[in-house]
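Below are the chains, spelled out letter by letter.
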Amino acid sequence: MAKHDNPALTAFLAELPAQREFAQVVITRRDDAFELRHVADVAAAEAALEVVEVEALRGLANHTDAGAFRPLKSAPNLRTGWRAVAHTAEELERSLDHLYPGALTDWYSARQAQPPVTHYRDYVNRQTGMYRITQMLTDEQVRDLARAGCHRDSCLKQRLWGGPELAADEAAEKSVIPCLEPCAVLSEFARKSMRLEQEEKAAVRVSSGDLETLLAAVNLALTQPMSGSREADFGAAENPRRLRRLKIQVERWLAEVPQKADKE
Ligand code: SF4
């Protein structure tokens, strides 16, 4: 087995089959080279795909097909319609690092006997300044935060960090790229979530039927996101993570009200 300066690369190559998925990328062995393309393009003819140089992959990963900036490179919105060829193992390493920064190192770290995972409380207890507020979320709110913020529709990393009654993600639900501690986007969402918790609350009485309508509206908004909305703009009420957070709350309220069938 060839050894490389990076032990993570050596380990990755040792078990790299003829073809494997790495989040939204398919890596295919081609003689001494490796071809990378989007999973959605796995069956596309080579001629139908734009050839992208290895060093251009970092730029490619910066924007979605629609041209929106991608603040989180593990979001499931990598551009389609391209292929790149890495001619050496080191080029493959750089390709993956451009598309998913740090992923290979984290993948290797997560395989160690004691992966360097930083759980939510340990992470936020280190925070200073405007992020200290994230320490105030209760354990239940942290669970909601992870369910809404790390959902596979927003991020393909397998979350290994957790908290009380917050188990790690399954790799099959997301990808083999581990998440070892809360990221900057999640931290910002945690800050906004705490701010929302601190706002004045309206005392409203809502029937279960109206809650069902609200839930349907949230689900519709999640499946048909507004064009131009930015992934990490948590000031926007239509932000997908905020919508998911509301959805969790509405589902909880619905479970608490007597069911219509009891009265009919
Ligand atoms: S904290 Fe959540 S959203 Fe951020 S990288 Fe990890 S799994 Fe993804």
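Let me begin by describing the structure that accompanies this report. All values derive from a computational prediction rather than experimental measurement.

Notes on the overall build of the protein
Across its full length, the protein holds 9 helices and 7 strands. Principal-axis analysis of the C-alpha atoms places the extent of the protein at approximately 70 × 40 × 35 Å. Across the 264 residues that make up the protein, the buried fraction comes to 42%. Once local pairs closer than 6 in sequence are excluded, the contacts in the protein between residues at least 24 apart make up 61%. When the accessible surface of the protein is totalled, it reaches about 14300 Å², and 51% of it is carbon and sulfur. Computed over 35 positive and 40 negative side-chain charges, the separation of the two mean positions in the protein equals 4 Å.

A word on the sheet that holds strand E5 (residues 82–86)
Hydrogen bonds between backbone atoms are what pair the strands of a sheet, whose relative direction is either parallel or antiparallel. Strand order in the open sheet formed by 5 strands is E1-E2-E3-E5-E4, with mixed pairing between adjacent strands. Two strands bound the open sheet, and with one partner strand each, they are strand E1 (19–22) and strand E4 (50–51). Helix H3 (residues 89–99) contacts E1, strand E2 (25–30), strand E3 (33–38) and E5 of the sheet and is inclined by roughly 20° relative to E3.

What about the site of the ligand?
All residues adjacent to the ligand are Leu-72, Gly-149, Cys-150, Cys-155, Lys-157, Arg-159, Trp-161, Cys-179, Pro-182, Cys-183 and Leu-186. Classifying every residue of the shell around the ligand by side-chain character gives 8 nonpolar, 1 polar and 2 charged.

Looking at the packing of aromatic side chains
For the structure shown, the criterion picks out 5 aromatic pairs. Consider the rings of Phe-22 and Tyr-100, whose centres lie 6.2 Å apart with planes at 70°: the pair is edge-to-face. Here Phe-22, found in strand E1, pairs with Tyr-100, found in the loop between H3 and helix H4 (103–109); they are 78 residues apart in sequence, far enough to count as distant. The class of Phe-22 is buried, set by a relative accessible area of 0%. By relative accessible area, which is 4% here, Tyr-100 ends up buried. Counting every residue linked through ring pairs, the aromatic cluster contains Phe-12, Phe-22, Tyr-100 and Trp-107. For the cation-ring pair, Arg-159 lies above Trp-161, with the distance from its terminal atom to the ring centre recorded as 5.3 Å. Just above the ring of Tyr-131 sits the side chain of Arg-191; from NZ or CZ to the centre is 5.7 Å.

Cut-offs and rules
- Numbering of residues begins from 1 in every chain and follows the order in which that chain's sequence is written.
- Reporting in this predicted model follows two pLDDT cut-offs: at least 70 for local features of residues, and 80 or more for side-chain atom pairs to be given and counted; totals over whole chains, interfaces and linings ignore these cut-offs and use all residues.
- Working from all heavy atoms in the structure, the side-chain values ignore hydrogens and water.
- Secondary structure elements are taken from DSSP: a helix is a run of H or I of four residues or more, a strand is a run of E of two residues or more, and numbering for both begins at the N terminus.
- For the exposure calls, accessible area comes from a 1.4 Å probe over protein chains only, and a residue counts as buried if that area is under 20% of its type's maximum, exposed if over 50%, partly exposed in between.
- Residue contacts are defined here by distance: any two heavy atoms, one from each residue, within 4.5 Å place the two residues in contact.
- To be clear on the numbers: accessible area is Shrake-Rupley with a 1.4 Å probe, and residue cover counts the displayed protein chains and nothing else.
- When charges are tallied, Lys and Arg are placed among the positive residues and Asp and Glu among the negative ones, while His and the ends of the chain are skipped.
- Charge placement uses NZ in Lys and CZ in Arg. For Asp and Glu, CG and CD serve respectively.
- Criterion used throughout: strands pair if DSSP finds at least two bridges between them.
- In this description, a line fitted to the C-alpha atoms serves as the axis of each element, helices being fitted only across the stretch in contact, and the angle between N-to-C directions of two axes falls anywhere from 0 to 180 degrees.
- Only a single heavy atom is needed: when it lies within 4 Å of a molecule or strand, its residue is near that molecule or strand.
- Polar here means any residue outside two lists: the nonpolar Ala, Val, Leu, Ile, Met, Phe, Trp, Tyr, Cys and Pro, and the charged Asp, Glu, Lys and Arg; Gly therefore counts as polar.
- Stacked, edge-to-face and tilted labels apply to pairs of Phe, Tyr and Trp rings (six-membered ring for Trp) whose centres lie within 6.5 Å, assigned for plane angles under 30 degrees, over 60, and everything in between, in that order.
- Only when the NZ atom of a Lys or the CZ atom of an Arg is both within 6 Å of the ring centre and within 35 degrees of the ring normal do we say a charge sits over the ring.

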